[in-house]
Each structure stands twice: as C-alpha cells, then as structure tokens.
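Fold and geometry: a report
So you can see what is in the structure, the chains are spelled out below.
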Amino acid sequence: MSTTTDEAPRDFAQWHEQRTATVSAPYGPLSLTGTHWLADHPDGELPGLPGRWADDGDALALTAADEDGLTLDGRPVTGTVRLAPDPGPVTAARLGLGERRLVVLRREGLWAVRDFDPDAPARRAFTGIEVTGPDPRFVTGGRFTPYAEHRTVRVGNADGVERGLGLGGELAFTLGGQEHTLQVSVQDDGSLWAVFADATSGHSSYRFRFLRPAAPDAQGRTTVDFNRALLPPCAFADHFICPFPPPGNTLTAEIAVGERNLSPRRDV
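This structure is a prediction, so every number in the text was calculated from the model and none was measured.

Here the structure, examined in full by the defined rule, presents twelve salt bridges. Among the salt bridges present, the one from Glu-45 reaches Arg-52, with a minimum N-O distance of 3.1 Å. For Arg-52, a relative accessible area of 43% corresponds to the partly exposed category. Taking the shortest distance from any N to any O, the salt bridge between Asp-58 and Arg-82 comes out at 2.6 Å. With a gap of 24 residues between them, Asp-58 in the loop between strand 2 (52-55) and strand 3 (60-64) and Arg-82 in strand 6 (residues 79-83) connect regions that are remote in the sequence. A relative accessible area of 62% means that Asp-58 is categorised as exposed. Taking relative accessible area as the criterion, Arg-82 reaches 46% and is therefore assigned partly exposed.

This is the structure in structure tokens:
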C-alpha cells in the first residue's frame, strides 16, 4: 500500500523518533566505551576490566574472583569460565560488571570484548541526530540481482583494519534521471544492506552511511528510500569497527536526505 503525501511526513517523524530512542537507549551504540582486542593485550589484562582473559581456541576463557564483581548470567564469576561470542542484542549479553554489559566478539578468528556503559560520556552528551526529509525525489524503485556465488571483498574498517565484507548481489536504481548501482549484502531475513558514500559524504553528511532496503519480491523488486539512510554505529562511538563502502558504492549523486550527522553535543 502506498503512502499518501499527508502520511509520509508523519511516518518519517515516527521513524526518526524511534531511531533516536534506539541509539540513546541505555545499551544503545552511544554507550559503547571500548572494544578491547585480546591480541593487543597478550598479558590477558583488558583496559578497565577485571579478571584475566585468554584465547582458548573455540572459546574465550575468563578467570576471575568474587571480588572482581563480574557476573555471568547474573551469578558471580569465580574461577575460569569459557565464553562463546554473544549473538544477540547487548541487553542479552551474559557478562556483566555492575550496570555495564560486556559483549564477547569474534571477528576473523580474533577475540574481543566490548564494554557498554549506560553512564558513557557520549550518551550523556547526546542531543540528537541531524536528519533531512522526507523528500519524494529520493524514493525510487530498485531491482536486486543476486550474484551467482557469494562474494567477499576486503575493505577498510573504521578502526583502521582491513576485513572481509560479504556481498550477495547488486541493487540497481534510477535517481534524478541517472542510473546507479550498489553492491549489497543480504541479511538473514532477506532484507538488503548497503554501505555507501555520496557527494555529500565528509561535507554536509557523515563520511559514509548505511541503507537497508526491504527484502526484494520474487522479481527482485524493492524500494530504495534514501530518506531512511542511517548513520553507522561508528558515528556514535569510536569503538565500533564499521566497514567502509566497497568498490563502486560511492555515488556521484548528492544524497542530501536521511540521517546526516550527530547534532552538536552538549558539555558533560
């Protein structure tokens, strides 16, 4: 069902309100205070975290005492426990330290621990997201063409490390009379995910953004709505490892809508 002219601004305002609430939640991206890679700390001591951490092959081993204050599934950690990566949301993380949540992460064979603190300075300083729209000129039909085989390309990440980015196909669309394509990943629910930059990136918008079109239909059709362009997590906290746009995903067009930047932060 199409959205009428009267409905579009209301839907957009609700989307923006929900998005703001999500990122500013107690364990949203603004609460991330550190991503500690075990390989950077061979002594097993992670900055600001008690206990001793070790690579135990297919698990991350944590050794702690009751006085360290670490909990696993709500119970004090005493002795050594083996931990798998946390697959769910931060609120479901098994490890805690007071009000903080510690998320176990594994990327390309390397272990890390993320520290989410509701009292993080970035969360306290947050004043909002600068957003532009809705503008119907930036909503268009797209056609998704899957690759014959899944592809992985190496791209730089926000932390300066190059990692693999999985790509499932190409999304073609026309914007302002010009044809464009984006390489996209396919999510578990069938929806698409693109990392893109455009002519506003690094100027009037953040240096790159995310786009999440809905799952294509049987003919590969979906809607490309740049009004819903998202700031990546690394725009909210320096400790995320967001991938940069893959080759071909820097558009010549000015995408002057969607989430653009964080609003100026207040002093904390």
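Attention now goes to the pairing of strand 13 (residues 178-186). Judged from the seven bridges that link them, strand 12 (residues 162-175) and strand 13 form a sheet pairing that is antiparallel. Across the sheet, residue Ala-172 finds its bridge partner in strand 13, namely Thr-181. From the end of strand 12 to the start of strand 13, which pair antiparallel, there are two residues, and Gly-176 there has a positive phi angle of about 60°. Taken together, the two bridges between strand 13 and strand 14 (residues 192-196) define a ladder with antiparallel strand orientation. Each bridged residue has a counterpart across the sheet, and for Val-186 the counterpart in strand 14 is Leu-192. Connecting the antiparallel pair strand 13 and strand 14 is a turn made up of five residues, with Gly-190 showing a positive phi of about 90°.

Across the sheet, which stays open at both edges, the six strands sit in the order 15-14-13-12-11-16 with antiparallel pairing between neighbours. Edge positions in the sheet fall to strand 15 (209-211) and strand 16 (221-225), since each has one partner strand and no second. On average, each strand axis in the sheet is inclined to that of its neighbour by 45°, with strand direction left out of account.

Here Phe-196 lies in strand 14. Sequence separation of Phe-196 and Pro-246 is 50 residues, and the distance between their C-alpha atoms is 7.8 Å. Apart from residues lying up to four places away in sequence, Phe-196 is in contact with Leu-182, Phe-208, Arg-209, Phe-210, Leu-211, Phe-226, Ala-229, Pro-245, Asn-249, Leu-251 and Ile-255.

Bringing the environment of Arg-52 into the picture now. Tracing the backbone shows Arg-52 in strand 2. A C-alpha to C-alpha distance of 9.9 Å links Arg-52 and Ala-65, two positions 13 residues apart in sequence. Setting aside chain neighbours within four positions, we find Arg-52 in contact with Asp-43, Gly-44, Glu-45, Ala-61, Leu-62 and Thr-63. Within the structure, Arg-52 has its side chain in polar contact with the backbone oxygen of Asp-43 (distance 2.4 Å). Here Glu-45 takes part through its side chain, which lies 3.1 Å from a polar atom of the side chain of Arg-52.

For the rest of this paragraph, the subject is the side chain of Arg-163. Mapped onto the elements, Arg-163 comes out in strand 12. A distance of 3.1 Å separates the side chain of Arg-163 from the side chain of Asn-157, its partner in a polar contact. The contacts of Arg-163, once residues within four sequence positions are left out, are Trp-37, Glu-108, Val-153, Arg-154, Val-155, Asn-157 and Ile-241.

Buried together is how nonpolar side chains tend to be arranged in soluble globular proteins. Ranked by size, the top nonpolar core spans 32 residues in total, and within it Phe-208 and Phe-236 carry the most contacts. The element contributing the most residues to this core is helix 1 (residues 7-23), with three residues.

Definitions and limits used
- Residues numbered from 1 in each chain as written.
- Predicted model: local features only at pLDDT ≥ 70, side-chain atom pairs only at ≥ 80, totals over all residues.
- Heavy atoms only, no water.
- Salt bridge = Lys/Arg side-chain N within 4 Å of Asp/Glu carboxyl O.
- Buried < 20%, exposed > 50% of the residue type's maximum accessible area, 1.4 Å probe, protein only.
- Helix = DSSP H or I, 4+ residues; strand = E, 2+ residues; numbered from the N terminus.
- Pairing = 2+ DSSP bridges.
- Axes fitted to C-alpha atoms, helices over the stretch in contact; angles between N-to-C directions.
- Contact = heavy atoms within 4.5 Å.
- Polar contact = N/O pair within 3.5 Å; in protein donor to acceptor, adjacent residues only side chain to side chain.
- Core = buried A, V, L, I, M, F, W, Y, C linked by side-chain atoms within 4.5 Å.

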